[in-house]
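Understanding the architecture of this molecule
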Amino acid sequence: MKKISIALILAVMITSCVSKKKYVALEVENGQIKSELTKTRVEKEDLENKFAAIQARVDNYNKKINSLTEQNDAMLVNVDNVAVISNDTKKAMRKTLQNVDASKLAGAKTLKDSMNLALSYNLNKSMDSSNLDEDEDISIDINETVVMISISDKMLFNTASYRVSNKANDILQKLANVINSEPSVEVMVEGHTDSRSIRTSKIADNWDLSVLRATSVVRKLVDDYGVAPEKLIASGRSSFKPLAENDTNDNRAKNRRTRIVILPNLDKFFALMGSNE
């Protein structure tokens, strides 16, 4: 009986020791798992922080790229050494050129030629000159960063007169609208005559006639169409800047003209003209 009791006690002690070892082993394993889990969480947070930093850098780079793209669109480019425009303006110009007559467009060999066509198209559209002969009554050009509108004197004056005729009202109103639409422009009104001499009780010579015609147009723009006088310059060139030889009636008619020289910010001016599309 005593031997059986001792055997039972030994069995219980052995079983208890085994269970305790397993418990300790499980505790160690549990601790390792918790440690690994903690380590994984820390690594996850670290990776998330690194990813957030990388994403922030990517967002910053994208902003810089977009900014550079916008700056590039607004960047000024030189046009054949006579004008400076932005890439945005070039895009607007190309859009306008889609409306220009194909035969005229075919003759445009340079960027300056294309700009001339686009500005001419928009200005003519703005001035609604459908009743004019574009080659003889009105022409529009750009040179040395200025816009020049040349108007035949038959549209503005009677022969040998410097008084603006009523038939000029429509074209001067439209010209005033263009000038008044952009505050930054300055405008020189320049009178030109043919080479035939003139002398009356009120007109001393062609110099006098060319200046009187310019001042008449300036007064009309100010008094009747609300153009700010500080924007305007009146000048006369007499017969010394002819477009053609003064040897025929047709050539002399070409030389009798009033030229409106507009000195704008070309980007703003083209944007203004483009808004008429």
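Coordinates for the structure precede this section.
Residues numbered from 1 in each chain as written. Predicted model: local features only at pLDDT ≥ 70, side-chain atom pairs only at ≥ 80, totals over all residues. Heavy atoms only, no water.

1. Brief notes about the overall build of the chain
Assigned secondary structure in the chain consists of eight helices and seven strands. Put simply, the chain has 277 residues, and 36% of those count as buried. Look at the contacts in the chain between residues 6 or more apart in sequence, and 64% of them connect residues 24 or more apart. (Helix = DSSP H or I, 4+ residues; strand = E, 2+ residues; numbered from the N terminus. Buried < 20%, exposed > 50% of the residue type's maximum accessible area, 1.4 Å probe, protein only. Contact = heavy atoms within 4.5 Å.)

2. Digging into the nonpolar core
Soluble globular proteins tend to bury their nonpolar side chains together. In this structure, I149, L172 and L221 are the most contacted members of the largest nonpolar core, which totals 38 residues. Going through the elements one at a time, α2 (87-97), α4 (111-127), β3 (138-143), β4 (146-152), α5 (169-181), β5 (186-192), α6 (206-225) and β7 (257-263) are the ones with two or more residues in this core. With six residues, the single largest contributor to this core is α5. With sequence-adjacent residues up to four places away left out, L221 is seen in contact with L172, A176, I179, V189, G226, V227 and L232. (Core = buried A, V, L, I, M, F, W, Y, C linked by side-chain atoms within 4.5 Å.)

3. Quick look at the pairing of β4
On any regular strand, side chains alternate: one points to one face of the sheet, the next to the other face. The element β4 is largely enclosed, with a buried count of seven among its seven residues. With burial as the criterion, each face of β4 is covered, one bearing V146, M148, S150 and S152 and the other bearing V147, I149 and I151. When β3 meets β4, the two strands line up antiparallel, connected through six bridges. Counterpart to D141 in the pairing with β4 is M148. Bridging between β4 and β7 involves six bridges; their strand directions are antiparallel. Among the inter-strand pairings, S152 is bridged to a residue of β7, identified as R257. (Pairing = 2+ DSSP bridges.)

4. Here's the deal with the environment of A253
Looking at the element boundaries, A253 is found in helix α7 (residues 249-255). For A253, a relative accessible area of 31% corresponds to the partly exposed category. For A253 and K154, which are 99 residues apart along the polypeptide, the C-alpha to C-alpha distance reads 8.4 Å.

5. What about the environment of R199?
Tracing the backbone shows R199 in the loop between β5 and α6. On the basis of relative accessible area, R199 is assigned to the exposed category, the value being 70%. Residues R199 and A160, 39 residues apart in the sequence, show an inter-C-alpha distance of 9.8 Å.

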